[in-house]
Amino acid sequence: MNLLDGKLVSAKIKEDIKQEAAAFLAETGRKPHLVAILVGNDGASETYVASKMRNCELVGFESTNIHFDTSISEGELLAKINELNADGGVDGLIVQLPLPKHIDPERVTEAIDYRKDVDGFHPVNLGRMQRNLPCFIPATPYGILLMLAHYGIDTSGMHAVVVGRSNIVGSPMSILLARNSNPGNCTVTLTHSRTRNVKEEVLRADIIVAAIGKKHFITADMVKEGAIVIDVGINREMSDRTKSGYKLYGDVDFEQVAPKSSWITPVPGGVGLMTIVGLLKNTLEAAKGSIY
Ligand SMILES: Nc1nc2c(c(=O)[nH]1)N[C@@H](CN(C=O)c1ccc(C(=O)N[C@@H](CCC(=O)O)C(=O)O)cc1)CN2
């Protein structure tokens, strides 16, 4: 078993981004600027946005966190997005998900100017991604591709099984792995809550992407010997034994599955950290105007 080490890879790529941001500053007199909108007080979302802001600072980006109370109306949120779309000092704009029930995430996603959509969720970016055209790739799938590329893993011809069809991870990941590029060129099966026999499908996989949001859903009996296992799960449970007050569990039972796998990501310290890197890379591209 080999570890796909998100701590190590993210630190290395962030060092490269830092140098590129310094060159951008020297050339233009300004820093790449990411704005993150957070609505409500979900503890996990607050942690992720704080981490995004902290990492922006680390690599020499400007960052702004706009925090609204849960009571904000959809109209007020859309008005703020329009204002930021028109602001020439903003390169990247994201709205942290999930949103409160009274706000439609589709309307919010489509309201963001696709040229500032560094989350890569806008239909223009998703459509361009499917056609292998320059675009912002959703941060988590982008981070996974960067991780595979870092370790020189050639996925060409592999059978990939993606578990979970979310807009953020599962669906885009299935498209990216099927594309004619490297990493990519896989034969992809996308499984979801209506799949008849998930275990049978996962057992056939050379590469498993678990993005279902259920603690230890993938067990050893579901994994073929030598499979590559990518765990996107970040399931939180309260714990009085940790400093943070919670403990994170993946969608994969690491203890059981690691001995059977050729490569595996840990949780924490795997895909989550690479998500931040994907976002930073997109923000730099947005500032440089190299995609649009
Ligand atoms: N607008 C968006 N919302 C959400 C996204 C997204 O890409 N854009 N993805 C997820 C959450 N997410 C980013 O926002 C995210 C998840 C995990 C991590 C991370 O650093 N995880 C660490 C552990 C952090 C902890 O202690 O809790 C790890 O896995 O080691 C960063 C970002 C949903 N919403």
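Residues numbered from 1 in each chain as written. Predicted model: local features only at pLDDT ≥ 70, side-chain atom pairs only at ≥ 80, totals over all residues.

The subject of this paragraph is unusual backbone geometry. With an omega of 5°, the peptide bond between L97 and P98 qualifies as cis. Position of P98 relative to the elements: it lies in the loop between β4 (92-95) and α4 (105-111). Along the chain, N182 connects to P183 via a cis peptide bond; the corresponding omega equals -5°. By the secondary structure assignment, P183 is in the loop between α7 (170-178) and β6 (187-191). The backbone phi angle of N132 is positive, close to 65°, even though this residue is not glycine. Checked against the element boundaries, N132 lands in the loop between α5 (123-130) and α6 (139-150). For N185, which is not a glycine, the phi torsion comes out positive at approximately 55°. (Helix = DSSP H or I, 4+ residues; strand = E, 2+ residues; numbered from the N terminus.)

Another aspect to go through is the sheet that holds β6. Read from one edge of the open sheet, six strands run β1-β11-β8-β7-β5-β6, paired in parallel fashion. The strands lining the two open edges of the sheet, one partner per strand, are β1 (2-3) and β6. Pairing between strand β8 (residues 228-231) and strand β11 (residues 263-264): two bridges, direction parallel. Residue V229 lies in a different strand from β11, and its bridge partner there is I264. (Pairing = 2+ DSSP bridges.)

Further remarks concern the UniProt feature "domain: Tetrahydrofolate dehydrogenase/cyclohydrolase catalytic" (unreviewed entry) in the chain. In the UniProt entry, the feature "domain: Tetrahydrofolate dehydrogenase/cyclohydrolase catalytic" (unreviewed entry) is given for residues 4-119. Annotation note: span residues 4-119, helix share 51%, strand share 16%, distance between end C-alpha atoms 23 Å. (UniProt positions renumbered as here; feature names shortened; annotations may be inferred.)

Moving on: the packing of α6 against helix α10 (residues 271-288). Where α6 meets α10, the axes come as close as 7 Å, and the angle between the chain directions of the two elements is 105°. As judged from the angle between their axes, α6 and α10 are roughly perpendicular. On α10, the residues that touch A139, T140, Y142, G143, I144, L146 and M147 of α6 are V271, M274, T275, V277, G278, L279, K281 and N282. Of the residues contributing to the contact of α6 with α10, the split by class is nine nonpolar, five polar and one charged. (Axes fitted to C-alpha atoms, helices over the stretch in contact; angles between N-to-C directions. Parallel < 35°, antiparallel > 145°, perpendicular 65-115°, else oblique. Contact = placed C-beta atoms within 7 Å. Nonpolar A, V, L, I, M, F, W, Y, C, P; charged D, E, K, R; others polar.)

Time to look at the pairing of strand β7 (residues 207-210). Both faces of β7 are covered, namely the face carrying I207 and V209 and the face carrying I208 and A210. The sheet contact formed by strand β5 (residues 159-163) and β7 spans four bridges and is parallel. Bridging from a neighbouring strand, V163 pairs with A210 of β7. With four bridges connecting them, β7 and β8 associate as parallel partners. Bridge pairing in β8 links A210 to D231. (Buried ≥ 20, exposed ≤ 12 C-beta atoms within 10 Å, placed from the backbone.)

A separate point is the site of the ligand. Near the ligand you find 20 residues, and of these Y48, L97, A139, P268 and G272 are the closest. If you list the elements that add at least two residues to the shell around the ligand, you get α2 (43-59), β4, α6 and α10. With four residues, the single largest contributor to the shell around the ligand is α10. Grouping the amino acids of the shell around the ligand by side-chain chemistry returns twelve nonpolar, seven polar and one charged. Among the domains, domain 1 (14-121) and domain 2 (139-273) are the pair contributing at least three residues each to the shell around the ligand. (Near = placed C-beta within 6 Å. Domains from an automatic or database assignment.)

As annotated in UniProt, the feature "binding site: NADP(+)" (unreviewed entry) corresponds to G164, R165, S166 and I234 in the numbering used here. For S166, the contacting residues outside a window of four places in its chain are S171 and A211. Inspection of the secondary structure puts I234 in the loop between β8 and β9 (235-238). What makes I234 partly exposed here is the crowd of 19 C-beta atoms within 10 Å. Those residues in contact with I234, other than ones at most four positions away along the chain, are L248, V267 and G272.

Bringing α10 into the picture now. When the terminal C-alpha atoms of α10 are compared, their 26 Å separation across 18 residues agrees well with the 26 Å that a helix rising 1.5 Å per residue should span. Among the residues trailing α10, G289 stands out with phi positive, at a value near 65°. (Expected span 1.5 Å × (residues − 1).)

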